[in-house]
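# Observations on chain architecture
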Amino acid sequence: MRNQAEGLLKSQPRIVSVASGKGGVGKTIVAVNLAIVLAQRGMRVLLFDADAGFANAEILMGITPKNTIKDFLQRKISLDKVIFQTPYDVDLISTGMDVEDLIAFNLEDKTELYNDLYRISAEYDYIVFDFPPGFNEELERFYAGSDHLVMVTASEPTSLVNAYTFVKLMTIKGVDPDGFHVVMNMVKDMRDGRKIMDRFISVITRFTGIPITSTHLIRYDMLVKDSVNRQIPFVTNRKTAQPSLAIYGIADMITKRQTVKKLSFFDKIRAFFGVG
Ligand SMILES: Nc1ncnc2c1ncn2[C@@H]1O[C@H](COP(=O)(O)OP(=O)(O)OP(=O)(O)O)[C@@H](O)[C@H]1O
Ligand SMILES: [Mg+2]
């Protein structure tokens, strides 16, 4: 039976942030394929490309959105014109700049942006953010507003140290998402990878106390590179390959965990930026 809380939740999208301590570990690959799998499961999904970096979501999907958030702010075009319908049943918004750059725009423009984003957000079940790597004050606000944080790391020591620092900063700053998912990508030996993951999680639990909702391994696989080169996300045509199965696993954990929101993402962000 549907209760009132469920009715209220309907109009608020779940926010999924894909983040990492270090660059080039596979955030965009995870964000794009995860967004597509959620859409394949009947969810209304918006993918928000908040990274102006080179190998971004539009390249992975082989599309070229006409407008970006930058156009919205600079040329005053409507937000509806910034939303691009991809062939994968996922809507895409490209910022055309880093989240950090957003801070530079004036309050009036930003207020309009947040209001418009808030208006359109009701049309989605999930908003998946692909962020630039790292942890800073601006990104922290977005992470803090998320329902699910998907942290991607590689299995080599430098990446793990960065990932650990990322988690440590999260705890220090009080960022406490309802779902915290750890994805270890580009794993060459799955058995070793599982061991490294287990050790990593035990260190995180011991030294930060943060509860981990789920852990996932993605194999190092040429099909991932191929999918980047061909600009066709692998979950669409390599459905039974390990990287696809891993993405289904992340989607399972995200859809399974229905969180109860106290304050909506956009309310939090508006409060953080002092707009509204
Ligand atoms: N599982 C994998 N197997 C093989 N290659 C992979 C795998 N995952 C990622 N790659 C390679 O690594 C590259 C970087 O991945 P991706 O762009 O998703 O990283 P990112 O974390 O988003 O990087 P950035 O920090 O620059 O945004 C991909 O273009 C691909 O070539
Ligand atoms: Mg990226």
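Here's a quick rundown of the structure. Every chain is numbered on its own, with residues counted from 1 as its sequence reads. Written order decides the labels, with chains lettered from A and ligands numbered from 1. Confidence filtering applies because this is a predicted model: local features only for residues at pLDDT of at least 70, side-chain atom pairs given and counted only at 80 or more, and all residues used for totals across whole chains, interfaces and linings. As a rule here, side-chain values cover all heavy atoms of the structure and leave hydrogens and water aside.

Turning next to helix α12 (residues 242-256). Counting from the N terminus, the helices are the DSSP runs of H or I reaching at least four residues and the strands are the DSSP runs of E reaching at least two. A helix is expected to span 1.5 Å for every residue after the first. Between its first and last C-alpha atoms α12 spans 21 Å; for 15 residues at 1.5 Å apiece the expected length is 21 Å, and the two agree. Here α12 has its buried residues at Gln242, Pro243, Ser244, Ala246, Ile247, Tyr248, Ile250, Ala251 and Ile254. Summary of the burial criterion: residues with accessible area below 20% of their type's maximum are buried, those above 50% are exposed, and those between are partly exposed, where the area comes from a 1.4 Å probe applied to protein chains only.

Moving on, we get to the site of ligand 1. Surrounding ligand 1, one finds 19 residues, the nearest of these being Gly24, Lys27, Thr28, Asn185 and Arg219. Threonine 28 is positioned such that a nitrogen or oxygen atom in its side chain is 2.7 Å from an oxygen atom of ligand 1. All accessibility values rest on the Shrake-Rupley procedure with a 1.4 Å probe; residue burial counts only the protein chains present in the view. When ligand 1 is considered free in solution it has 630 Å² of accessible area, and contact with the protein chains removes 84% of it. Mapped by element, the contributors of at least two residues to the shell around ligand 1 are α2 (27-40), β7 (179-187), β8 (214-219) and α10 (222-230). Three classes are used, and their members are as follows: Ala, Val, Leu, Ile, Met, Phe, Trp, Tyr, Cys and Pro are nonpolar, Asp, Glu, Lys and Arg are charged, and the others, Gly among them, are polar. Here the shell around ligand 1 is built from residues that sort into nine nonpolar, five polar and five charged. Only a single heavy atom is needed: when it lies within 4 Å of a molecule or strand, its residue is near that molecule or strand. Polar contact is the term for a pair of N or O atoms within 3.5 Å; when the atoms are in protein, one must be able to donate a hydrogen and the other to accept it, and sequence-neighboring residues count only if both atoms are side-chain atoms.

Attention now moves to the pairing of β8. With five bridges joining them, β7 and β8 adopt parallel strand pairing. Paired with methionine 184 across the bridge in β8 is leucine 217. Strand pairing follows a simple DSSP-based rule, namely that at least 2 bridges must link the two strands.

Looking now at the sheet that holds β8. Each strand in a sheet pairs with its neighbour through backbone hydrogen bonds, running either in the same direction (parallel) or in the opposite one (antiparallel). Strand order across the open sheet formed by eight strands is β3-β4-β2-β5-β1-β6-β7-β8, with mixed pairing between neighbours. Single-partner strands in this sheet number two, and they are β3 (84-85) and β8. In this sheet, strand β4 (residues 90-94) lies alongside strand β2 (residues 45-49) in parallel orientation, the contact comprising five bridges. Bridged to aspartate 49 within β4 is serine 94. Along the sheet face, α2 touches β1 (14-19), β2, β4, β5 (126-130), β6 (148-154), β7 and β8 and points at about 165 degrees away from the line of β5. Note on contacts: a residue pair qualifies if any of its non-hydrogen atoms lie within 4.5 Å across the two residues. Here the axes come from fitting lines to C-alpha atoms, over the contacting stretch only for helices, and the angles between their N-to-C directions go from 0 to 180 degrees. With respect to the sheet, α12 is in contact with β1, β5, β6, β7 and β8, its orientation differing from that of β8 by roughly 165 degrees.

What follows covers the nonpolar core. For this analysis, a nonpolar core means a set of buried residues of the types Ala, Val, Leu, Ile, Met, Phe, Trp, Tyr and Cys, connected via side-chain atoms within 4.5 Å. Among the nonpolar cores identified, the biggest contains 49 residues, and Ile69, Ile93, Leu117 and Tyr143 are the most heavily contacted of them. Considering every element that reaches this core, the biggest residue donor is helix α8 (residues 157-172), with five residues. In this structure, Val25, Val30, Val37 and Leu47 belong to the second largest nonpolar core, which totals 40 residues.

So, on to the packing of α8 against helix α9 (residues 190-208). Two numbers describe how α8 lies on α9: the axes approach to 11 Å, and their chain directions differ by 25 degrees. One element, α8, and the other, α9, form an angle in the roughly parallel class. Handedness of the crossing formed by α8 with α9: right-handed. Packed against α8, whose contacting residues are Leu160, Ala163, Tyr164, Val167, Lys168 and Thr171, the element α9 presents Ile196, Phe200, Val203, Ile204, Phe207 and Thr208 at the interface. Of the residues assigned to the contact of α8 with α9, the class counts are nine nonpolar, two polar and one charged. By the definition adopted for this analysis, an angle is roughly parallel if under 35 degrees, roughly antiparallel if over 145, roughly perpendicular if from 65 to 115, and oblique otherwise. If you view the pair so one helix is near and one far, a crossing is left-handed when the near helix is turned anticlockwise from the far one by less than a right angle, and right-handed when it is turned clockwise.

Here threonine 153 is to be found in strand β6. Using a relative accessible area of 1% as the deciding quantity, one classes threonine 153 as buried. Looking at threonine 153, its side chain comes within polar contact range of the side chain of serine 159, at 3.0 Å. Discounting chain neighbours no more than four positions away, the residues touching threonine 153 are Val25, Ser159, Leu160, Ala163, Val183, Met184 and Asn185.

Attention shifts here to α2. The terminal C-alpha atoms of α2 lie 20 Å apart, and with 14 residues this matches the ideal 20 Å at 1.5 Å per residue to within 8%. The element α2 is largely enclosed, with a buried count of 13 among its 14 residues. Looking at the residues trailing α2, positive phi occurs at glycine 42, about 90 degrees.

It is worth spelling out the environment of serine 244 at this point. Inspection of the secondary structure assignment puts serine 244 in helix α12. For serine 244, a relative accessible area of 0% translates into the label buried. Residues serine 244 and valine 224 lie 20 residues apart in sequence; the distance between their C-alpha atoms is 9.6 Å.

Time to look at the packing of aromatic side chains. Here a ring pair, both rings aromatic, is described through the centre-centre distance and the interplanar angle of the planes. Pairing of aromatic side chains requires ring centres within 6.5 Å, counting the rings of Phe and Tyr and the six-membered ring of Trp. Pairs whose planes differ by under 30 degrees are stacked, by over 60 edge-to-face, and all others tilted. All chains considered together, the criterion is met by eight aromatic pairs. Measuring from centroid to centroid gives 5.6 Å for phenylalanine 135 and tyrosine 143, while their planes differ by 50 degrees, and the two rings are tilted. In terms of burial, phenylalanine 135 and tyrosine 143 fall into one category: buried. With 5.4 Å between their ring centres and 80 degrees between their planes, phenylalanine 135 and phenylalanine 166 make a pair best called edge-to-face. Within this pair, whereas phenylalanine 135 is found in the loop between β5 and α7 (137-144), its partner phenylalanine 166 is found in helix α8, the two being separated by 31 residues in sequence. There is no split in this pair, since phenylalanine 135 and phenylalanine 166 are both buried. Following the ring pairs from residue to residue traces out a cluster consisting of Phe48, Phe129, Phe131, Phe135, Phe142, Tyr143 and Phe166.

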